[in-house]
Amino acid sequence: MLRTCLLGSLALAHAFSFSSPRCGGGRHESVLLSLAPSPAPLAPTPPSDPWFSASLASRPPPRVASLAAAREGAASLLAAAARPRRKDEAWRRTDLSALFAAQLALPSGEVAAAALEEEMEVSAGARLVLVDGAVSEELTDLSALPEGVLVGSVGSMDAVASARVMKQLETIPEADADKRTELGAYTFAALNQASLADVACIYLPPDVEVSQPLFVFMLSSGSTSGLGASHPNLVVNLDRGSSLSLVQSYSASKAADSDYFTNALTRVTLGPDSRLRHSYLQEQGLGAFHIDSVFVDVQESARYESQMVSTGARISRLNVGVSLTGSGASCQVQGLALGAETQLVDFHTFIRHASPDCQSSQEQRNAVADRARVVFRGAVVVPRGADNTTANQLCRTLLLSDTSRADIAPTLEIATDDVKCTHGATIADLDDEMIFYLQARGLGRLEARSLLLEGWARTFMSQVPSEAARRRAAVKASLLAPETGERVVRLQQLTSI
Amino acid sequence: MAVVSLLPGWAMVFVGQPAPSHWTLPRPHARFAANVHMATGDVLLNVKNLQASVDDNSILKGVNICVRRGEVHAIMGPNGSGKSTLSKVLVGHPAYEVTGGEVTYREGEDLLDLAPEERAQQGVFLAFQYPVEISGVSNADFLRLAVNKRRGALGESEYDPIEFFGVLGEKMSSVGMSMDFINRDVNSGFSGGEKKRNEILQMALLEPELAILDETDSGLDIDALKTVAAGVNAYKNDENGIVLITHYQRLLDYIKPDFVHIMSKGQIVRSGGPELALELEKDGYKFLNPV
Ligand SMILES: Nc1ncnc2c1ncn2[C@@H]1O[C@H](COP(=O)(O)OP(=O)(O)OP(=O)(O)O)[C@@H](O)[C@H]1O
Ligand SMILES: [Mg+2]
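Definitions and cut-offs
- Residues numbered from 1 in each chain as written.
- Chains lettered and ligands numbered in written order.
- Predicted model: local features only at pLDDT ≥ 70, side-chain atom pairs only at ≥ 80, totals over all residues.
- Heavy atoms only, no water.
- Near = heavy atom within 4 Å.
- Polar contact = N/O pair within 3.5 Å; in protein donor to acceptor, adjacent residues only side chain to side chain.
- Nonpolar A, V, L, I, M, F, W, Y, C, P; charged D, E, K, R; others polar.
- Donors = N, O, S within 2.8 Å, 3.2 Å for Na, K, Ca; no water.
- Helix = DSSP H or I, 4+ residues; strand = E, 2+ residues; numbered from the N terminus.
- Buried < 20%, exposed > 50% of the residue type's maximum accessible area, 1.4 Å probe, protein only.
- 1 Å grid on protein atoms, 1.4 Å probe; cavity = no way out; pocket = protein on both sides within 12 Å on 5 of 7 lines; lining within 4 Å.
- Points joined across faces, edges and corners; volume = space filled by probe spheres on them.
- pLDDT = per-residue confidence, 0-100.
- Contact = heavy atoms within 4.5 Å.
- Pairing = 2+ DSSP bridges.
- Lys, Arg positive; Asp, Glu negative; His and termini not counted.
- Salt bridge = Lys/Arg side-chain N within 4 Å of Asp/Glu carboxyl O.
- Axes fitted to C-alpha atoms, helices over the stretch in contact; angles between N-to-C directions.
- Patch = residues over 30% accessible without salt bridge, like charges linked within 9 Å, V, L, I, M, F, W, Y side chains within 5 Å.
- Areas by Shrake-Rupley, 256 points an atom, 1.4 Å probe, with all protein chains shown as cover.
- Charge placed at Lys NZ, Arg CZ, Asp CG, Glu CD.
- Expected span 1.5 Å × (residues − 1).
- Phe/Tyr/Trp six-rings, centres within 6.5 Å; stacked < 30°, edge-to-face > 60°.
- Lys NZ or Arg CZ within 6 Å of the ring centre and 35° of its normal.

For chain B, the name recorded in an unreviewed UniProt entry is ABC transporter domain-containing protein, with Prymnesium parvum as its organism.

Going by the annotation in an unreviewed UniProt entry, the name recorded for chain A is Fe-S cluster assembly protein SufD, with Prymnesium parvum given as the source organism.

This is how it looks when you write it as structure tokens:
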């Protein structure tokens with residue numbers, strides 16, 4: 001039985017709302033994503049969650065002393081926050097009970113030499129490496145970057161750059177977001193900042209074009225005393241007219257360590273006329289939990305292009321919030337989710353046309369096999385006044401076995417007339433005519449399916465500036481080719497009739 | 001002009017032993033006994049009273065055709081008469097259910113009992129009327145995989161990418177295709193005529209024993225038609241068989257058929273020599289519906 005859930009629009013029912021009390025020191029507004037001022041009345045502060053208290057007890061010390069205030073600010077928010085539940089619209093399809101059952105622990109910090117091997121050459125001279133959320137000076141090599149480009153730990157930044165980043169940390173994303181439409185970033189973002197070991201920063205001064213791709217490797221390690229947890233935090237600022245190709249990559253620090261929890265937070269600000277090509281590779285160990293929220297502010301005439309790939313982790317959740325905040329801003333957001341075995345691969349995205357005269361295009365590709373599950377909930381919002389908007393969204397899902405599952409919920413919320421919008425979602429298995437064409441040239445059915453899946457992943461990956469990463473995605477995709485035992489039996493029954 | 005010939009040193013089929021009616025998988029290579037030579041005139045394909053349907057709609061209603069080594073057969077007939085269905089059933093398309101009749105290949109092998117990829121590996125080739133576009137898979141990779149499958153079945157070593165590149169270059173020039181097409185995705189964005197040339201390229205590379213060409217001439221410009229016909233003639237020899245499905249005498253001017261069959265409503269209703277095609281060119285299919 002195909003258990004496909006195709007929702008035409010978001011279900012807007014919500015169970016309860018909680019509000020986040022504000023911390024004394026910082027500003028905590030939902031700058032990036034609130035649709036409208038939250039209508040929720042102030043509820044009584046829920047009791048502090050024991051999992052969060054335990055998590056805070058095992059957080060690493062800050063590598064950079066100046067982060068102490070940001071950590072404590074976030075920790076005080078967390079004391080009053082509740083963990084996400086299935087009742088929350090944003091978490092309805094994502095069961096985190098295995099994560100909440102785990103005892104978080106300090107990760108070992110061990111790194112195997114093999115961890116970066118495949119990308120060592122391509123990233124030479126433009127490589128920033130974080131181990132468990134802290135910049136590793138030893139593995140980092142930024143020798144090829146042009147003058148004026150700042151990349152590294154917040155602790156290594158000059159006063160101006162460091163102040164800019166500290167200011168950005170003051171705002172926890174989605175603090176007051178509408179519970180019905182939020183990405184669900186707030187709580188884990190607060191946990192991230194309460195647990196900061198370091199903050200990785202990238203700053204491009206005005207009109208600087210970095211020709212070589214910049215690689216940021218986020219390595220995570222496990223722990224023998226519990227679930228090793230790390231909280232990488234990346235802040236990217238491109239000043240007016242600058243441009244960069246960034247590869248942000250998540251993986252295990254050594255192959256033997258497959259179980260861990262990476263709870264990341266990524267902020268990107270693209271100044272006027274700047275341009276970012278963002279390759280995001282989630283290739284965590286298959287026992288890992290991966291949660292990340294990527295918020296992108298695209299200002300006047302700036303352009304954001306992303307290829308975001310999720311192939312690893314036992315449970316992964318990627319929140320992507322893109323706000324087009326200046327006239328002429330545009331984005332192309334592309335996601336690829338590949339799920340096998342019992343993986344859960346979850347993408348929640350939100351593209352907001354905060355300004356008139358902006359263009360967005362989004363393409364999500366999912367392939368899911370075995371007993372795996374993919375979730376895609378993607379909203380494109382065009383509020384009143386955002387005239388002359390073009391927005392296109394397409395979600396294509398390959399459901400490759402009878403026991404796999406896809407929950408797809410694309411939405412388009414348009415409150416203005418002057419728009420050109422399209423959206424669509426398809427769910428299918430691989431094309432039988434293509435499989436047959438390959439069989440008619442001598443390939444077995446399984447080989448044909450593998451080849452088609454590889455090709456499907458490779459076309460997606462064509463813009464990712466690492467041949468090794470493109471190959472890994474193709475290999476992962478080809479692993480989704482086998483049809484389940486159940487399906488083969490059924491086909492056999494059919495043909496014998 | 002490259003001369004395509006069957007590779008030396010191989011032959012087929014059981015010596016002194018009738019082919020069993022059912023093959024069991026996996027079949028050992030041992031059945032390809034060495035040094036048994038096939039000869040012109042041996043039956044290559046024998047289709048007897050073949051019936052097939054799609055979703056309970058009967059399309060082939062008892063087709064008979066016998067192709068011997070060294071022969072060229074043309075099948076003509078009105079649109080929708082079942083020509084493509086016949087060709088797809090012969091290569092094992094899963095949409096069609098065979099409801100009756102039999103097809104033997106070479107010395108009595110039950111063709112219908114083989115999986116589609118086994119038929120291809122054993123030398124049955126169909127140039128599709130509508131070749132499929134496959135994005136993400138480069139033509140070079142695809143062609144090399146296909147050729148190596150065929151070579152594997154013949155007990156020959158696989159080509160590595162560099163060796164294959166040499167073979168490919170020669171065959172591409174023989175069908176008038178520029179090398180630009182090797183790095184493009186399979187048939188993706190190819191024009192109609194380019195797709196047909198790509199099919200003929202595959203035929204030239206795979207060196208099948210039985211080639212079925214389904215309207216390979218449709219959509220070709222005059223020069224392309226000549227090139228493709230030259231490719232087919234170069235492939236043609238005393239040991240292989242060709243079935244040409246076409247609507248036009250034009251192709252038959254370049255590739256001389258030994259037999260012409262007319263298909264109508266799922267059956268071969270007339271068979272004859274090359275003169276039958278000329279007759280059709282003049283009078284059309286009127287005779288099928290006498291008033
Ligand atoms: N997969 C299918 N599903 C449904 N009907 C089919 C299918 N394949 C063939 N048919 C039907 O069977 C009949 C024969 O089709 P076929 O393609 O074999 O004709 P043809 O002789 O090749 O015609 P043409 O000269 O136009 O290529 C047609 O009526 C067609 O609609
Ligand atoms: Mg046809």
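After presenting the structure, the write-up continues.
## Here we look at the site of ligand 1
Residue and element names in this part refer to chain B. Neighbouring residues of ligand 1: 14 residues in total, closest Gly-80, Lys-83, Ser-84, Thr-85 and Tyr-96. A distance of 3.1 Å separates an oxygen atom of ligand 1 from a polar side-chain atom of Gln-129. Its residues placed into classes, the shell around ligand 1 shows four nonpolar, eight polar and two charged.

## Overview of the coordination of the magnesium ion (ligand 2)
Each donor-metal-donor angle would ideally measure 109.5 degrees in four-coordinate tetrahedral geometry, or 90 or 180 degrees in six-coordinate octahedral geometry. Residues and elements named next belong to chain B. Within the protein, the magnesium ion (ligand 2) binds to Ser-84 (OG) and Gln-129 (OE1); these donor distances fall in the range 2.0 to 2.2 Å. With Ser-84 in helix α1 (residues 83-90) and Gln-129 in the loop between β6 (124-127) and β7 (134-138), this residue pair connects regions lying 45 residues apart in the sequence. Accessibility classification places Ser-84 together with Gln-129 in one group, the buried group.

## Comments concerning the layout of surface pockets
All names here are of chain A. The volume enclosed by the second largest pocket comes to roughly 740 Å³. Together, 28 residues line the second largest pocket, and Ser-251, Glu-283, Gln-284, Gly-285 and Arg-472 are the ones closest to its centre. Among the elements of the structure, β10 (243-252) and α8 (467-478) are those that each provide at least two residues to the lining of the second largest pocket. Here the lining of the second largest pocket takes four residues from α8, the largest share from any one element. Residue composition of the lining of the second largest pocket, by class: 11 nonpolar, seven polar and 10 charged.

## Comments concerning the confidence of the model for chain B
Residue and element names in this part refer to chain B. Of all residues in chain B, 86% attain a pLDDT of 70 or more, and the chain-wide mean is 87. Counting contacts from residues 1-36, a segment whose pLDDT is below 50, to residues more than four positions away or on other chains yields 66 contacts. On the interface metric, ipTM, the complex scores 0.87, and its pTM is 0.86.

## A look at empty space enclosed by the protein
In total, this model carries nine cavities of 30 Å³ or more according to the counting rule given. Taken as a whole, the second largest cavity holds about 60 Å³ of empty space. For the second largest cavity, the full set of lining residues is Ala-440, Arg-441 and Gly-442 of chain A together with Ala-120, Gln-121, Gly-123, Val-124, Phe-125, Ala-146, Arg-150 and Leu-206 of chain B. Those elements that provide at least two residues to the lining of the second largest cavity are α2 (116-121), β6 and α3 (139-153) of chain B. Its residues assigned to classes, the lining of the second largest cavity shows six nonpolar, three polar and two charged.

## Observations concerning the sheet that holds strand β1 (residues 43-54) of chain B
All names here are of chain B. Across the sheet, which stays open at both edges, the four strands sit in the order β2-β1-β4-β5 with antiparallel pairing between neighbours. If you trace the sheet from one side to the other, it starts and ends with β2 (57-68) and β5 (109-110), each paired once. Pairing of strand β4 (residues 97-105) with β5, which is carried by two bridges, proceeds in the antiparallel orientation. Each residue of the ladder has a partner; that of Thr-104, found in β5, is Asp-110.

## Some remarks on the environment of Gly-80 of chain B
Residue and element names in this part refer to chain B. Tracing the chain through its elements places Gly-80 in the loop between β3 (72-76) and α1. Note on Gly-80: relative accessible area 78%, which makes it exposed. Along the chain, Gly-80 and Ile-59 lie 21 residues apart, while their C-alpha atoms are 9.2 Å from each other.

## Quick notes on α1 of chain B
Residues three or four positions apart in an α-helix share a direction because the helix packs 3.6 residues into each turn. Residues and elements named next belong to chain B. Across the eight residues of α1, seven count as buried, placing the element largely inside the fold. Taken as a whole, α1 has its buried residues at Lys-83, Ser-84, Thr-85, Leu-86, Ser-87, Val-89 and Leu-90. Just downstream of α1, Gly-92 is the residue with a positive phi angle, here 90°.

## A word on the side chain of Arg-197 of chain B
Residues and elements named next belong to chain B. Considering the arrangement of structural elements, one finds Arg-197 in helix α5 (residues 192-206). Here Arg-197 occupies a buried position and makes no salt bridge, while the nearest side chain of opposite charge, Asp-221, is found at 4.8 Å. Of note is the side chain of Arg-197, whose polar atom sits 3.3 Å from the backbone oxygen of Val-175. Not counting chain neighbours up to four residues away, the residues in contact with Arg-197 comprise Val-175, Gly-176, Met-177, Ala-224, Thr-227 and Val-228.

## Digging into the interface of chain B and chain A
Listed by partner, the interface residues are 30 residues for chain B and 18 residues for chain A. Applying the counting criterion to the chain B and chain A interface returns two salt bridges. Linking chain B to chain A there are 10 residue pairs in polar contact (both at pLDDT 80 or more). Secondary structure elements with two or more residues in the side of chain B that touches chain A: α2, β6, β7, α3, β8 (185-186) and α5 of chain B.

## Regarding the pattern of salt bridges
Summed over the entire model, instances satisfying the criterion amount to 39 salt bridges over all chains. Taken together, the shared-partner salt bridges in this structure form one network comprising Glu-118, Glu-119, Glu-283, Arg-471 and Arg-472 of chain A.

## A few points about the sheet that holds strand β9 (residues 210-214) of chain B
All names here are of chain B. Taking strand neighbours across the sheet as the criterion, the six strands line up as β6-β9-β10-β3-β11-β12 in an open arrangement whose pairing is mixed. A strand with exactly one partner marks an edge of an open sheet, and here the two such strands are β6 and β12 (267-272). When strand polarity is set aside, the average angle formed by the axes of neighbouring strands in this sheet is 20°. This element, α5, spans β6 and β9 of the sheet and lies at about 165° to β6.

## Notes on a negative patch on the surface
Residue and element names in this part refer to chain A. The grouping of Asp-357, Asp-387, Asp-417 and Asp-418 at the surface amounts to a negative patch. Relative to the helices and strands, Asp-387 resides in the loop between β19 (373-382) and β20 (389-399). Note on Asp-387: relative accessible area 33%, which makes it partly exposed.

## Overview of α3 of chain B
Residue and element names in this part refer to chain B. Between its first and last C-alpha, α3 extends 21 Å over 15 residues, near the 21 Å set by a 1.5 Å rise per residue. Regarding α3, the residues found buried are Asn-139, Ala-140, Phe-142, Leu-143, Ala-146, Val-147, Asn-148, Arg-150, Arg-151 and Ala-153. Backbone geometry just downstream of α3 places Gly-155 in the positive-phi region, at approximately 75°.

## Describing the confidence of the model for chain A
Interpreting fine coordinate detail is not advised for predicted regions of low pLDDT. Residue and element names in this part refer to chain A. For chain A, the average pLDDT comes to 88, and 88% of its residues sit at 70 or higher. Long-range and interchain partners of residues 1-47, a stretch whose pLDDT sits below 50, account for 95 contacts in this model, where long-range means more than four residues apart. Residue range residues 486-497 is modelled with pLDDT below 50. Its contacts to residues more than four positions away, or to other chains, number 11 contacts.

## Thoughts on the packing of aromatic side chains
In total, this model carries 13 aromatic pairs over all chains according to the counting rule given. Between the aromatic rings of Phe-215 of chain A and Phe-217 of chain A, the centroid separation amounts to 5.8 Å while the plane-to-plane angle is 15°, which identifies the pairing as stacked. Grouping residues by exposure puts Phe-215 of chain A and Phe-217 of chain A together as buried. Ring centres 5.4 Å apart and planes at 45° place the aromatic pair Tyr-250 of chain A and Tyr-280 of chain A in the tilted group. Of the two residues, Tyr-250 of chain A is situated in strand β10 and Tyr-280 of chain A in strand β12 (residues 275-283); the sequence distance between them amounts to 30 residues. Of the two residues examined, Tyr-250 of chain A and Tyr-280 of chain A, each falls in the buried class. Above the plane of the ring of Trp-456 of chain A lies Arg-365 of chain A, whose end atom (NZ or CZ) is 5.6 Å from the centre. The ring centre of Phe-287 of chain B lies 5.1 Å from the NZ or CZ of Arg-270 of chain B, which sits over that ring.

## Brief notes about the environment of Cys-331 of chain A
Residue and element names in this part refer to chain A. Residue position: Cys-331 is located in strand β16 (residues 330-339). For Cys-331 and Arg-240, which are 91 residues apart along the polypeptide, the C-alpha to C-alpha distance reads 16 Å. The residues contacting Cys-331, other than those within four sequence positions of it, are Arg-303, Tyr-304, Val-322, Leu-324, Ile-351, Gln-359, Ser-360 and Ser-361.

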